[in-house]
Amino acid sequence: MPILEVKDIEKKFGTLQVLRKIDFSLEKGETLAIIGSSGSGKTTLLRCLNFLERPDKGRIVVNNEVIFDAMDPDTQRESEVRKKRLHFGLVFQNFNLFPQHTVLKNVTLAMELLAKERPNYKQDKKAILEEIQEKGKNLLSQVGLSDKLDCYPHMISGGQQQRVAIARALALEPDILCFDEPTSALDPELTGEVLKVIRNLAERNTTMIIVTHEMDFARDVADRVIFMDDGVIVEQGTPEEVFGNPREERTRQFLTRYKENSGNGSQC
Amino acid sequence: MNDIPVIISRLSESFLINCRLFALTLLFSLPLGLLIAFGSMSRFRPLRWLVRTFVWIIRGTPLMLQLIIIYFAPGLLNMAFSWPGGTSGRFVAATVAFIINYACYFSEIFRGGIESIPQGQYEAGQVLGMTKRQIFFNVILLQVVKRILPPVGNEVITLVKDTALARIIANKEIIMMAGEYSSKGLIWPLFATGIYFLAFVGALTLLLDWLEKKLSYFRT
């Protein structure tokens with residue numbers, strides 16, 4: 001049984017059709033890479049999954065529970081949405097860390113706020129908060145940042161900031177962790193450390209959707225690959241299929257163009 | 001009457017009116033300004049329109065005129081409401097006028113500050129399951145405060161000097177007091193009032209610098 005089923009999602013911005021007939025599913029523990037050129041709708045798709053955009057059509061099903069149905073307004077109520085979006089975590093391209101909070105607080109803040117809704121919060125406040133601190137520290141050591149707990153985001157490098165953002169997203173234990181071009185805002189020499197963390201998560205069977213331009217990484221880490229162009233899924237399959245033996249002309253063109261560009265080194 | 005210590009103590013006493021007006025105005029106009037800022041950003045169009053029109057009227061007319069209208073209108077229009085008699089009535093009317101006026105200016109500074117926070121900060125809070133309220137208080141507010149501190153500081157310093165306008169409805173603040181001497185030919189008390197304002201603004205400037213330094217531990 002798939003952990004995520006996306007059924008016939010469509011999205012328009014004004015008259016611009018950004019997503020068309022998006023259909024795919026994801027098994028627990030799988031890593032899915034979404035590739036495609038800029039403007040192909042990859043990011044919008046991730047934003048739809050995280051309720052940052054509302055699809056005009058279609059359904060999103062997590063663990064057999066319909067969490068979004070464009071036809072059913074009951075699934076779109078603000079109070080409902082807030083809980084349901086916790087099925088997903090999202091790591092942004094430009095990190096979006098909270099600048100006024102320490103690295104540790106960035107990771108623990110959401111946990112602390114959610115803990116307030118627990119019925120036993122008042123009695124066990126101290127124990128709960130301690131537990132959250134511990135968890136935050138563990139997550140940060142998982143991404144190799146144990147020595148940065150008390151730093152503020154502007155004091156650490158972009159790669160470190162993105163690792164904090166990953167720890168922050170993991171804190172709420174989402175069923176599916178989404179990455180929106182996690183290394184695109186980084187200097188080339190900093191991408192490695194972030195990719196390593198993601199690779200690590202893949203090895204621990206974290207269910208992930210990664211929108212990326214790092215083709216070699218996608219090929220290496222993903223269990224499945226989706227190629228999108230112009231708002232539609234052109235092709236999906238294993239990395240061997242999509243990268244090694246693409247069926248569609250458009251996929252071939254995209255991959256060729258990509259190879260040419262990366263062969264010439266960085267151009268701009 | 002022309003005894004220097006006596007004059008100085010009377011000037012100091014009347015400067016307390018400026019100080020009280022200043023403190024009360026800040027205390028109430030800052031939160032009121034935040035409310036007005038929310039109103040002017042409301043997605044409910046009639047409310048937004050109403051609030052923005054109100055801000056336009058207040059910012060578009062002289063504070064001196066507003067003081068006069070607020071103080072005299074209830075009596076002239078035979079309203080059921082009227083200000084208490086005597087000194088206290090004049091002071092309360094002045095305070096109300098100042099609060100409304102400054103709240104409108106602050107609201108625009110707040111609006112600019114709030115709108116300058118990148119969308120990504122809200123989205124980061126949203127995907128972490130925070131409510132709008134939690135996002136505002138735990139993520140946005142302090143960043144806004146840091147960004148708007150310089151323009152708010154400007155307004156606060158202007159307010160110190162604007163308090164002298166309260167004399168238009170016969171609040172015996174420091175310049176009015178000094179004016180009484182100058183109309184009798186004694187000019188130095190009027191010049192001396194400048195020292196009071198300078199000293200007050202100097203202290204405020206130090207406080208604002210301190211606040212700015214306090215918030216320099218992070219960058220937005």
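Everything that follows concerns the structure shown earlier in this document.
An account of the accompanying structure is given in this report. (Residues numbered from 1 in each chain as written. Chains lettered and ligands numbered in written order. Predicted model: local features only at pLDDT ≥ 70, side-chain atom pairs only at ≥ 80, totals over all residues. Heavy atoms only, no water.)

**Details of helix α3 (residues 63-76) of chain B**
Residues and elements named next belong to chain B.
Right, so step 1: Taking 1.5 Å of rise per residue, 14 residues should cover 20 Å, and α3 covers 19 Å from first to last C-alpha, within 8% of that figure.
Right, so step 2: Of all bends in α3, the biggest is about 30°, found at Ile70, and the proline Pro74 comes one to four residues later.
Right, so step 3: Inspection of α3 places Leu63, Gln66, Leu67, Tyr71, Ala73 and Pro74 among the buried residues, and these make up the whole buried set.
Right, so step 4: Those residues of α3 that are buried are in contact with α2 (45-60), α4 (86-115) and α6 (132-162).
Right, so step 5: Following α3 by one or two positions, Asn78 adopts a phi angle in the positive range, close to 50°. (Helix = DSSP H or I, 4+ residues; strand = E, 2+ residues; numbered from the N terminus. Expected span 1.5 Å × (residues − 1). Bend = angle between axes of the 7 residues up to and from the residue. Buried < 20%, exposed > 50% of the residue type's maximum accessible area, 1.4 Å probe, protein only. Contact = heavy atoms within 4.5 Å.)

**Describing the packing of aromatic side chains**
Right, so step 1: In total, this model carries 16 aromatic pairs over all chains according to the counting rule given.
Right, so step 2: A ring pair is formed by Phe98(B) and Tyr102(B), whose centres lie 6.4 Å apart and whose planes are at 5°; its orientation type is stacked. Of this pair, Phe98(B) and Tyr102(B) are both found in helix α4, 4 residues apart, which corresponds to roughly one turn of the helix.
Right, so step 3: Ring centres 5.0 Å apart and planes at 70° place the aromatic pair Tyr217(B) and Phe218(B) in the edge-to-face group.
Right, so step 4: What links up through ring pairs into an aromatic cluster is the set Phe15(B), Phe22(B), Tyr196(B), Phe197(B) and Phe200(B).
Right, so step 5: The ring of Phe98(A) has Arg168(A) sitting right over it, with the charged end atom 4.6 Å from the ring centre. (Phe/Tyr/Trp six-rings, centres within 6.5 Å; stacked < 30°, edge-to-face > 60°. Lys NZ or Arg CZ within 6 Å of the ring centre and 35° of its normal.)

**Thoughts on unusual backbone geometry**
Right, so step 1: One non-glycine residue, Glu181(A), lies in the positive phi region at around 45°.
Right, so step 2: With respect to the helices, strands and loops of the structure, Glu181(A) is situated in the loop between β7 (176-180) and α6 (188-203).

**Concerning the nonpolar core**
One recurring pattern in soluble globular proteins is that nonpolar side chains are buried together.
Right, so step 1: With 128 residues, the main nonpolar core has Leu4(A), Phe24(A), Leu140(A) and Ile209(A) as its most contacted residues.
Right, so step 2: The greatest single-element share of this core, amounting to 11 residues, is contributed by α6(B).
Right, so step 3: What Phe24(A) contacts, discounting residues up to four positions off in sequence, is Leu4(A), Glu5(A), Val6(A), Leu32(A), Leu45(A), Ile209(A), Ile226(A), Ile233(A) and Gln236(A). (Core = buried A, V, L, I, M, F, W, Y, C linked by side-chain atoms within 4.5 Å.)

**Here's the deal with the packing of α2(B) against α4(B)**
Residues and elements named next belong to chain B.
Right, so step 1: Where α2 meets α4, the axes come as close as 9 Å, and the angle between the chain directions of the two elements is 120°. One element, α2, and the other, α4, form an angle in the oblique class. Regarding α2 and α4, the two cross each other, and that crossing is left-handed. Contact with α2, carried on its side by Arg52, Phe54, Val55, Ile58 and Arg59, involves Ile100, Asn101, Cys104, Tyr105, Ser107, Glu108 and Arg111 of α4 and no other residues of that element.
Right, so step 2: Across the contact of α2 with α4, the residue classes break down as 6 nonpolar, 2 polar and 4 charged. (Axes fitted to C-alpha atoms, helices over the stretch in contact; angles between N-to-C directions. Parallel < 35°, antiparallel > 145°, perpendicular 65-115°, else oblique. Left-handed = near helix turned anticlockwise from the far one by under 90°. Nonpolar A, V, L, I, M, F, W, Y, C, P; charged D, E, K, R; others polar.)

**What about helix α3 (residues 103-115) of chain A?**
Residues and elements named next belong to chain A.
Right, so step 1: Given a rise of 1.5 Å per residue, 13 residues ought to cover 18 Å, and the 19 Å separating the end C-alpha atoms of α3 matches this to within 8%.
Right, so step 2: Taken as a whole, α3 carries its principal kink of about 40° at Leu109.
Right, so step 3: Taken across its 13 residues, α3 has 11 buried, putting it largely inside the fold.
Right, so step 4: Residues Val103, Leu104, Asn106, Val107, Thr108, Leu109, Ala110, Met111, Glu112, Leu113 and Ala115 constitute the buried set of α3.

**Brief notes about the packing of helix α1 (residues 4-40) of chain B against helix α8 (residues 188-214) of chain B**
Residues and elements named next belong to chain B.
Right, so step 1: Close contact between α1 and α8 brings their axes to 11 Å; oriented N to C, the two are set at 45°. Here α1 lies oblique to α8, going by the angle between them. When you trace α1 past α8, the crossing you get is right-handed. For the pair formed by α1 and α8, the contact residues are Ile4, Ile7, Ile8, Leu11, Ser12, Phe15, Asn18, Cys19 and Phe22 on the first element and Trp188, Pro189, Ala192, Thr193, Tyr196, Phe197, Phe200 and Leu204 on the second.
Right, so step 2: Within the contact of α1 with α8, the residues separate by chemical class into 14 nonpolar, 3 polar and no charged.

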